[in-house]
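These are the residues of each chain, in order.
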Amino acid sequence: MTAGGNTGNKQVGSGGLMRAKNTKPEEIRKSNIQAAKALSDAVRTSLGPRGMDKMIQDAKGEVTITNDGATILNQMKVIHPAAKMLVELSKAQDIEAGDGTTSVVVLAGSLLEAAEKLLAKGIHPTTISDSFQKAANKSVEILTNMSIPVDLNDRESLLKSATTSLSSKVVSQHSSELSPIAVDSVLKIVDPARENNVNLKDIKVIKKLGGTVDDTELVDGLVLEQRTSNVNGPKRMEKAKIGFIQFQVSPPKTDMDNQVVVSDYAAMDRVLKEERAYILNIVKQIKKAGCNVLLIQKSILRDALSDLAVHFFDKTKIMVVKDIEREEVEF
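Please read all numbers here as calculations on a predicted model, not as lab measurements. (Residues numbered from 1 in each chain as written. Predicted model: local features only at pLDDT ≥ 70, side-chain atom pairs only at ≥ 80, totals over all residues. Heavy atoms only, no water.)

Asks: Could you clarify how one ought to interpret the overall build of the protein chain in this entry?
Replies: For the protein chain, the count of helices and strands is 9 helices and 5 strands. Here the C-alpha atoms of the protein chain give a radius of gyration of 32 Å, more than 25% beyond the 20 Å that 2.2 N^0.38 yields for 331 residues. The buried share of the protein chain, reckoned over its 331 residues, is 24%. Here the analysis covers contacts within the protein chain between residues at least 6 apart in sequence; of these, 69% occur between residues at least 24 apart. Roughly 24,100 Å² of accessible area belongs to the protein chain as shown, and the carbon and sulfur atoms make up 55% of that amount. (Helix = DSSP H or I, 4+ residues; strand = E, 2+ residues; numbered from the N terminus. Rg over C-alpha atoms; globule rule 2.2 N^0.38 Å. Buried < 20%, exposed > 50% of the residue type's maximum accessible area, 1.4 Å probe, protein only. Contact = heavy atoms within 4.5 Å. Areas by Shrake-Rupley, 256 points an atom, 1.4 Å probe, with all protein chains shown as cover.)

Asks: What am I meant to see in the side chain of Thr 101 here?
Replies: With respect to the element layout, Thr 101 can be found in helix H4 (residues 101–120). Judged by its relative accessible area of 4%, Thr 101 is buried. Those residues in contact with Thr 101 that lie beyond four places of it in its chain are Asp 68, Gly 69, Ala 70, Ser 90, Gln 93 and Asp 94.

Asks: Whenever I open this one, the sheet that holds strand E3 (residues 242–245) confuses me. Can you help?
Replies: Strands pair in a sheet through their backbones, by hydrogen bonds, and they do so in one of two ways: parallel or antiparallel. Pairing in this open sheet of 3 strands is parallel, and the strands run E3-E4-E5 from one edge to the other. Looking along the sheet, the strands with just one partner apiece sit at the ends: E3 and strand E5 (319–324). Sheet twist, expressed as the average angle between the axes of neighbouring strands with direction ignored, equals 20 degrees. Bridging between strand E4 (residues 293–297) and E5 involves 4 bridges; their strand directions are parallel. (Pairing = 2+ DSSP bridges. Axes fitted to C-alpha atoms, helices over the stretch in contact; angles between N-to-C directions.)

Asks: Looking at this model, I keep getting lost on the confidence of the model for the protein chain. Mind explaining?
Replies: Caution applies to low-pLDDT regions: their predicted coordinates should not be interpreted in detail. For the protein chain, the average pLDDT comes to 82, and 91% of its residues sit at 70 or higher. Per-residue pLDDT, averaged within each element of the protein chain, yields its smallest value for helix H1 (residues 2–44) (68) and its largest for helix H5 (residues 125–146) (93). Contacts of residues 1–13 to residues separated by more than four positions or lying in other chains number 0 contacts, the stretch itself having pLDDT below 50. (pLDDT = per-residue confidence, 0-100.)

Asks: So what exactly am I meant to see when it comes to a nonpolar patch on the surface here?
Replies: Nonpolar side chains collect at one region of the surface, where Val 260, Val 262, Tyr 265, Met 268, Val 271 and Leu 272 lie side by side and expose about 620 Å² of accessible area between them. Relative to the elements of secondary structure, Val 262 occurs in the loop between E3 and helix H8 (265–288). (Patch = residues over 30% accessible without salt bridge, like charges linked within 9 Å, V, L, I, M, F, W, Y side chains within 5 Å. Salt bridge = Lys/Arg side-chain N within 4 Å of Asp/Glu carboxyl O.)

Asks: Whenever I open this one, the pairing of strand E2 (residues 63–66) confuses me. Can you help?
Replies: Across 4 bridges, the pairing between strand E1 (residues 54–57) and E2 is antiparallel. Paired with Lys 54 across the bridge in E2 is Thr 66. Adjacent in sequence and paired antiparallel, E1 and E2 are bridged by 5 residues, among which Gly 61 carries a positive phi angle near 95 degrees.

Asks: Where do I start with helix H6 (residues 155–166) in this structure?
Replies: What sets the pattern is the α-helix's 3.6 residues per turn: residues three or four places apart point alike. An ideal rise of 1.5 Å per residue puts 16 Å on 12 residues; H6 measures up with 17 Å between its terminal C-alpha atoms. Regarding H6, the residues found buried are Leu 158, Leu 159, Ala 162 and Leu 166. The arc that holds the buried residues of H6, viewed along the axis, is 100 degrees, so those residues lie on one side. Residues of H6 that are exposed and point more than 90 degrees away from the buried face comprise Glu 156, Lys 160 and Thr 164. (Expected span 1.5 Å × (residues − 1). Arc of directions from axis to C-beta.)

Asks: Where do I start with the pattern of salt bridges in this structure?
Replies: Tallied over the full model, the rule gives 9 salt bridges. Lys 138 is the salt-bridge partner of Glu 141, the closest N and O atoms lying 3.5 Å from each other. Here Glu 141 pairs with Lys 138, and both are found in helix H5, just 3 residues apart, close to one helical turn. By relative accessible area, which is 43% here, Glu 141 ends up partly exposed.

Asks: What am I meant to see in helix H3 (residues 81–96) here?
Replies: The terminal C-alpha atoms of H3 lie 23 Å apart, and with 16 residues this matches the ideal 22 Å at 1.5 Å per residue to within 8%. Taken together, the buried positions of H3 are occupied by Ala 82, Ala 83, Leu 86, Val 87 and Ser 90. Looking straight down H3, one finds its buried side chains confined to an arc of 160 degrees; they lie on one side. Along H3, exposed side chains directed more than 90 degrees from the buried face belong to Pro 81, Met 85, Ile 95 and Glu 96. Looking one or two residues past H3, Gly 98 carries a phi angle of roughly 80 degrees, positive in sign.

Asks: So what exactly am I meant to see when it comes to the nonpolar core here?
Replies: One recurring pattern in soluble globular proteins is that nonpolar side chains are buried together. Val 249, Ile 286, Leu 294, Ile 296, Leu 305, Phe 313 and Val 320 are the most contacted members of the largest nonpolar core, which totals 17 residues. For this core, the elements supplying multiple residues, two or more each, are H8, E4 and helix H9 (307–315). If we ignore the near neighbours within four places in the chain, the residues touching Leu 305 are Ser 229, Val 249, Ser 250, Ile 296, Val 310, Phe 313, Val 320 and Lys 322. Formed by 15 residues, the second largest nonpolar core is a distinct cluster that contains Ala 36, Leu 73, Val 78 and Val 87. (Core = buried A, V, L, I, M, F, W, Y, C linked by side-chain atoms within 4.5 Å.)

Asks: I would appreciate a short explanation of the packing of H8 against H9 in the present structure.
Replies: Each pair of packed helices gets described by two things: the angle between the helix axes and the distance between those axes. In the contact formed by H8 and H9, the axes pass within 10 Å of each other and the chain directions differ by 40 degrees. By the angle class used here, H8 and H9 are oblique. The element H8 and its partner H9 pack so that their crossing is right-handed. Contacts between H8 and H9 involve Glu 275, Arg 276, Ile 279, Leu 280, Val 283 and Ile 286 on the former and, on the latter, Leu 308, Ala 309, Phe 312 and Phe 313. (Parallel < 35°, antiparallel > 145°, perpendicular 65-115°, else oblique. Left-handed = near helix turned anticlockwise from the far one by under 90°.)

Dropping the structure here:
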């Protein structure tokens, strides 16, 4: 009797173990779908022109008010791996198209909800995944046939597209001022040979406190936030010939942290004379090249300009701007 009882217990135990093994993947799938659906529901209410803005407070206490899907998801600090994939999806959409960041997350959430119902019917996950892939390919085909090609020379159509994108944003009431700026800025940097690919890093957005959205303007050129380093030199330059340098116009330093001890006045005069000649030679070479505006790249090694160099640049009427970041200008 005892032996039979033990055998029965073993059979029940092994059956329970197999059931646990089978239910674990189901639980993981269910957890992933629920996490993605929760994220989708969080941004769903901010979709479209009637969508509501979200107020998000970060760890530092800074408050952000937005209805842009990519911004909301970025600020949320998602931990769940499946939900993180939706955040990456939103980022990819923002980089690729610049719009539709909320839509892709809501659409992904709805597809996962449909997948959950199919899983409940006992359909294998691989079959569902393959079917979704076929449906995606067919959708692309249908949308391509429906689409109307946009000509870059048709500015009116581009303005309508930009205004539509802004209609669900906080600045929608200013779309009449911002749409032409957005369209014109892209048209100025687009390469006709590669019109499907635009490097948006070539467009720089500079924010200044104190103004309103109405003060926004498009500057055809390069805007630098740094001030000129000249004391008595030119503050405005017409017909500028701009030079970029990656070295410093200041006395050279030794490679190691050494000290030079000067014992008498004659040696001190000689050091100052050499420094003067060294800097004057650099300034003369720059002037000889025909440069009248000089941009100096930012360096952490030593001062970009010495007082003596500023004096010589003032004398030669060369405008100097230092501490230019590599991101601002490609040297």
